[in-house]
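# Fold and geometry: a report
The residues making up each chain are set out below.
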Amino acid sequence: MKNIKLLIISLSFLLTSYGISAQVSFGNPENINEGWKFKLNDVKDSQLASLNDEKWQLVDLPHDWSIKQQLSPTLASATGYLPGGVGWYRKTIKIPLEKQVEKVYLYFEGIYNRSEVFINGESLGKRPNGYISFMYDATPYIKYGEDNVIAVRADHSQDADSRWYTGSGIYRNVWMVYANPIHIAQWGVYAYPEKIKNDYHLNIEVTIDNGDNKDVTLTIINELYSPDGNIIAKNSQKLFAGQSSNSKLATRLKVNNPQLWSLNNPNLYQLKTIVLRNGKEIDKTITPTGFRTYTFDANKGFALNGEWMKVKGVCVHHDAGVLGAAVPREVWKRRLLTLKEIGANAIRTSHNPQAPDLYHLCDELGLLVLNEMYDEWVFPKRKWLEGWNVGTPGYQGSYDIFKEWGEKDLADLVRRDRNHLSVFAWSIGNEVDYPNDPYSHPVLGGEKAGFTQASYGGYNPDAPDAMQLGDIAKRLVKTVKEHDKSRPATAGLAGVAMSNETEYPEALDIAGYNYTESMYDSDHKRYPNRVIYGSENRHDIEAWKAVRDKEFIFGQFLWTGIDYLGESGRWPSRGFYSGLLDFGGFIKPRGYFRQSLWSDKPMAYIGTYPINKGDQWLSQDAWPIWNYQDGQLIKVVCYTNAAKAKLLLDGLEVGPIKNYDDKTGIVYWDIPYKAGKLEVIGMDENNNETSRNEIQSSKQPYALKIIQADKEICKNKGLAQIIIQVVDEDGIPVMISDNEVTCHIEGPAKLLGLEASNNSDMTDYTDNKHRVFHGRILAYIQATGDNGSAKIKFSSPWLQPALVSVYIK
């Protein structure tokens, strides 16, 4: 796709405030997360209203039961050495008698996995995909004015069905929706702009679901509000809605010189859609929206609003360490802001739809999203059980549901997320073309296109034929285009040379290359109209230079942005440790190295590690530690975007001023250790200071110190993130400490978990105590529903405790 301009608008569904949304575009949604009963067992007749569940565990949603269990080396490394199983959830809810004139729906943002939902013993349906959002009409089985029992069965008995940690259960929000029988259809408002010179037409489609047994003529009003709250455009049109059917209205609003959504200024408008019957309002929805243009060009790359730029992306999975898959919005906000601080401007949802909160936040904060759906299609991939790439793999997975559900799930993803301004491309798959895992092609048997038999084991005629990839890709791309023509379809190709022998790449609008920088130049020459980018990339500087120095490569997505559970190495290993941020969302040394490459803001970072004389290796993973044996030879590294840097020890220069080295991206000095304060100063070409960073030798651990805390949170499940650091008697962080910290809480709050971000710590994560890592630990404290003040104490043997109060309102 060469020089094709695509215009995009985003809509995010608003419930009470932006970002706290049910993704419900109609009616009156009510959150029903609280007060569920749970049983981790496949109890017979659990769907029946008459079942006695008094002894079941009381839980609030979102709820991930796997993360609440113990790690075990007997379980699969692929899914983080944590168990699956079959679980049941039940909730009794009274539907008011006056609601009998309305319809009642149940909306689930995600259940992992192979779920079935019941109301009063009647099955509403099954949804095997564990990441997709879905809704059921419960109206036929509702008992108005009485108690109604919702029951949900989640079957994660195939507990090694993924290459990464998935979580288990109802791990996202649940909503009950009351609606007039005639209402806006679910995900039924869709808008996209048409640019005319400096003006835009906001094209709007509104789909009405007429659940009544009468034909009606409705009035549909659309009002557009500017970022400052002023109404700037409005129209009103009639729509004939036939009984028991869906009807669609197409209209447009003209907008002069809108404020565009961009990475630095994510301007959001609001579209208010009102449905009138005989002059009376029967439904409405408010949709945050905005305007932007983007351009993909095979030679020039990518432009947002006409500005050519590089996409500096990261891949992220959906868990958050100790929290598992049930991740509060506040955690994602802190993580995304930190990634943006590093210089990232895009997120790839590896390799599945994420929770609605993530998309809302990316809209709000100004981050692009490459929205991805599948990691496997009709055949399974290897799932490592004894450690990543170790031993004999398993082959559980979601491939068995693809033929029946693949296109429907993809359609629902597009319909759910097409109104998010942040989403700039749809990915239909990740590495489904990995050579011999599972597909194969004769090209693997020879030297053509750079393959050798040794590379992937050669051609396997008994494996699935790679020529199938093109046909499947065409069907999936067609599904995307049926619901959104404003964005390109893409995929992450693992076996580019093999896939080039098929119709797969040409079925895509833009082609993602996973770890295949070596083919950028040759494929650009061979396929001059192909738009190429790095869809999954290593952290080395050469992979970045392949983007930075090639105009036609529009960006890269690092593997990964954040450490994640699963895809673990041999025990002990909680997960994959390649993130710019760790499990707790703290910037790792390689995150600062990436900041030196990506950020325009002046920065410098100092880290160290011991070496032997003559060692020349340079690491992106040098921790800020300055505690060694006197005289020990230490390599001091500086990650900076300054032109040059100098090193000070207790205020005195150590070694020469060093120029930035574009070959390695690292400035370094080899010096003997001496206790004190070590500083690095970044300077411009004229030796003017632009940035500074320091570390200091510490004494023995003396106290716990609160270094960051949310002091005020909402009583309705608000979350405080509290960072505790071990310090010495002078208040200097003790980076090498590993003291055990215990959390005590008094007041209307509870501990969700303690996260120290130690990948090899396989101890209990379900209690209120844990060892720090690099002298630091993060506590997640959640309000339990009442006003007041929570007093939180952190203690450790022989150390002074730390106290903090969190005001809850």
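Computed from a predicted model, the values in this text were never measured in an experiment.

The rules behind each value
The written sequence of each chain sets the order in which its residues are numbered from 1. Confidence filtering applies because this is a predicted model: local features only for residues at pLDDT of at least 70, side-chain atom pairs given and counted only at 80 or more, and all residues used for totals across whole chains, interfaces and linings. Only hydrogens and water are set aside; all other atoms, that is, all heavy atoms of the structure, feed into the side-chain values. Where helices and strands are cited, they refer to DSSP runs of H or I of at least four residues and of E of at least two residues respectively, numbered from the N terminus. Within these notes, the globule rule equals 2.2 Å times the number of residues to the 0.38 power, and the radius of gyration is based on C-alpha atoms. Only protein chains enter the calculation, and the probe is 1.4 Å; a residue is then buried if its accessible area is under 20% of its type maximum, exposed if over 50%, and partly exposed in between. Note on ring pairs: Phe, Tyr and Trp rings are taken, using the six-membered ring of Trp, and paired if centres are within 6.5 Å. Classes follow the plane angle, with under 30 degrees stacked, over 60 edge-to-face and the rest tilted. Throughout this description, the term charge over a ring refers to an Arg CZ or Lys NZ atom that lies within 6 Å of the ring centre and within 35 degrees of the ring normal. A cavity, in this analysis, means grid points on a 1 Å lattice covering only the protein atoms where a 1.4 Å probe fits yet has no way out; a pocket is instead an open set bounded by protein on both sides within 12 Å along at least five of seven lines, and a residue lines either one if it has an atom within 4 Å of a point. Grid points are joined across faces, edges and corners, and a volume is the space filled by probe spheres set on the points. The residue classification treats Ala, Val, Leu, Ile, Met, Phe, Trp, Tyr, Cys and Pro as nonpolar and Asp, Glu, Lys and Arg as charged. All others, Gly included, are polar. By convention in these notes, a salt bridge is any Lys or Arg side-chain nitrogen within 4 Å of a carboxyl oxygen on Asp or Glu. The definition of a polar contact used here is a pair of N or O atoms within 3.5 Å, where within protein one atom must be able to donate a hydrogen and the other to accept one, and adjacent residues in sequence count solely through side-chain atom pairs. Note on definitions: a residue-residue contact is assigned when non-hydrogen atoms from the two residues lie within 4.5 Å. Note on terminology: a nonpolar core comprises buried Ala, Val, Leu, Ile, Met, Phe, Trp, Tyr and Cys residues joined through side-chain atoms within 4.5 Å. Two strands pair under a simple rule: DSSP has to find at least two bridges between them. Angular values range over 0 to 180 degrees, each being the angle between N-to-C directions of two axes fitted as lines to C-alpha atoms, with helices fitted over their stretch in contact. Consider the strands pointing away from the viewer: the crossover is right-handed when the path from the first strand over the helix to the second runs clockwise.

### Re the overall build of the chain
A count of helical and extended segments in the chain gives 10 helices and 48 strands. Against the compact-globule benchmark of 28 Å for 809 residues, the chain has a radius of gyration of 27 Å, which places it among compact chains. Along the first, second and third principal axes, the C-alpha atoms of the chain reach 90 × 65 × 60 Å. Counting only residues that meet the buried cut, the chain has 62% of its 809 residues in that class.

### Focus: the packing of aromatic side chains
For the coordinates displayed, the defined rule picks out 38 aromatic pairs. Between F296 and F302, the aromatic rings sit 5.1 Å apart at their centres with planes inclined by 50 degrees, giving tilted as the arrangement. F302 carries the same exposure label as F296, and that label is buried. Judged by centre distance (5.4 Å) and plane angle (80 degrees), the ring pair of F593 and Y639 falls under edge-to-face. One end of the pair, F593, is in helix α10 (residues 589-598); the other, Y639, is in strand β33 (residues 633-640), and 46 residues separate them in sequence. Classification of F593 as buried rests on a relative accessible area of 1%. Three or more aromatic residues joined by ring pairs make a cluster, and in this case those are Y294, F296, F302, F424, Y533, F554 and F557. A cation sits over an aromatic face here: R418 above Y190, 4.3 Å from the ring centre. A cation over an aromatic ring shows up here: R574 above the ring of F583, its NZ or CZ 4.5 Å from the ring centre.

### Let's talk about empty space enclosed by the protein
Here the idea is plain: a probe the size of a water molecule rolls over the atoms and shows the empty space left. Enumeration over the complete set of coordinates arrives at three cavities of 30 Å³ or more. Roughly 290 Å³ of internal volume is contained in the largest cavity. Together, 25 residues line the largest cavity, and Y112, N129, Y131, E376 and S398 are the ones closest to its centre. Of the residues that constitute the lining of the largest cavity, the class distribution is nine nonpolar, nine polar and seven charged. A volume near 100 Å³ is recorded for the second largest cavity.

### A word on the pattern of salt bridges
All chains considered together, the criterion is met by 50 salt bridges. For R153, the salt bridge is made with D42, and the minimal N-O distance between the two is 2.7 Å. Taken together, the positions of R153 in strand β10 (residues 147-156) and D42 in the loop between β3 (36-39) and β4 (57-59) put the pair 111 residues apart, joining distant regions of the chain. Classification of D42 by relative accessible area gives partly exposed; the value is 39%. In this structure, the salt-bridge partner of E503 is K474, at a minimum N-O distance of 2.8 Å. Taken together, the residues span a long stretch of sequence, with E503 in the loop between α6 (496-499) and α7 (504-507) and K474 in helix α5 (residues 468-483) at a distance of 29 residues. Relative accessible area serves as the criterion here: at 42%, E503 is assigned to the partly exposed category. One salt-bridge network, in which partners are shared between bridges, spans R127, K408, D409, D412 and R415.

### Focus: the side chain of E679
Secondary-structure assignment places E679 in strand β38 (residues 677-683). Within the structure, the side chain of E679 is placed 2.8 Å from the side chain of R692, a separation counted as a polar contact. Apart from the residues within four sequence positions on either side, E679 is in contact with I606, K646, L647, L648, G651, R692, N693 and E694.

### Some remarks on unusual backbone geometry
With an omega of -15 degrees, the peptide bond running from Y112 to N113 counts as cis. As for its placement among the helices and strands, N113 is situated in the loop between β6 (103-108) and β7 (115-119). Residue W559 is joined to T560 through a cis peptide bond whose omega torsion reads 0 degrees. With respect to the helices and strands, T560 occurs in the loop between β29 (555-558) and β30 (564-565). In the Ramachandran plot, R114 falls in the positive-phi region, its phi being about 45 degrees despite a non-glycine side chain. Tracing the sequence through the fold places R114 in the loop between β6 and β7. The backbone phi angle of H774 is positive, close to 55 degrees, even though this residue is not glycine. Inspection of the secondary structure assignment puts H774 in the loop between β45 (769-771) and β46 (776-783). Taking relative accessible area as the criterion, H774 reaches 13% and is therefore assigned buried.

### Focus on the nonpolar core
Counting 122 residues, the largest nonpolar core has W36, W377, I428 and Y504 as its most contacted members. Here the element with the most residues in this core is α5; it accounts for six residues. When neighbours within four sequence positions are excluded, W36 is seen to be in contact with Q57, L58, V59, L61, Y89, R90, K91, I150, V152, I170 and V174.

### Some remarks on the pairing of strand β24 (residues 368-372)
Counting buried positions over the five residues of β24 gives five, a clear majority of the element. Across the two faces of β24 the burial is the same, with L368, L370 and E372 and V369 and N371 all buried. With three bridges joining them, strand β23 (residues 346-349) and β24 adopt parallel strand pairing. Across the sheet, I347 pairs through a bridge with V369, a residue of β24.

### What to know about the side chain of N436
Looking at the secondary structure, you find N436 in the loop between β25 (423-430) and α4 (453-456). Here N436 falls in the buried class, since its relative accessible area comes to 15%. A distance of 2.7 Å separates a polar atom in the side chain of N436 from a polar atom in the side chain of S440. Once you skip the residues sitting within four places of it in the chain, N436 turns out to touch R382, L444, Y456, G457, G458 and N460.

### A word on the sheet that holds β33
To summarise the sheet geometry, strands pair through backbone hydrogen bonds and adopt either a parallel or an antiparallel arrangement. Strands sit in the order β32-β33-β37 across an open sheet of three strands; the sheet is antiparallel. Two strands close off the open sheet at either side, each with one partner strand: β32 (604-610) and β37 (667-672). On average, adjacent strands in this sheet sit at an angle of 25 degrees to one another, irrespective of strand direction. In this sheet, β37 lies alongside β33 in antiparallel orientation, the contact comprising six bridges. The residue bridging V636 from the neighbouring strand is W669, located in β37. Where α10 meets the sheet, it contacts β32 and β33, and its direction lies at approximately 45 degrees from that of β33.

### What to know about the pairing of β25
Burial of β25 is extensive: eight of the eight residues sit out of reach of the surface. Where β24 meets β25, four bridges bridge the pair, whose relative direction is parallel. When the bridges of β25 are listed, E372 appears paired with S427. As a crossover connection, the stretch from β24 through helix α3 (residues 402-417) into β25 is right-handed. Examined bridge by bridge, β25 and strand β26 (residues 489-493) share three bridges and lie parallel to one another. Directly across from S427, in β26, lies its bridge partner T490.

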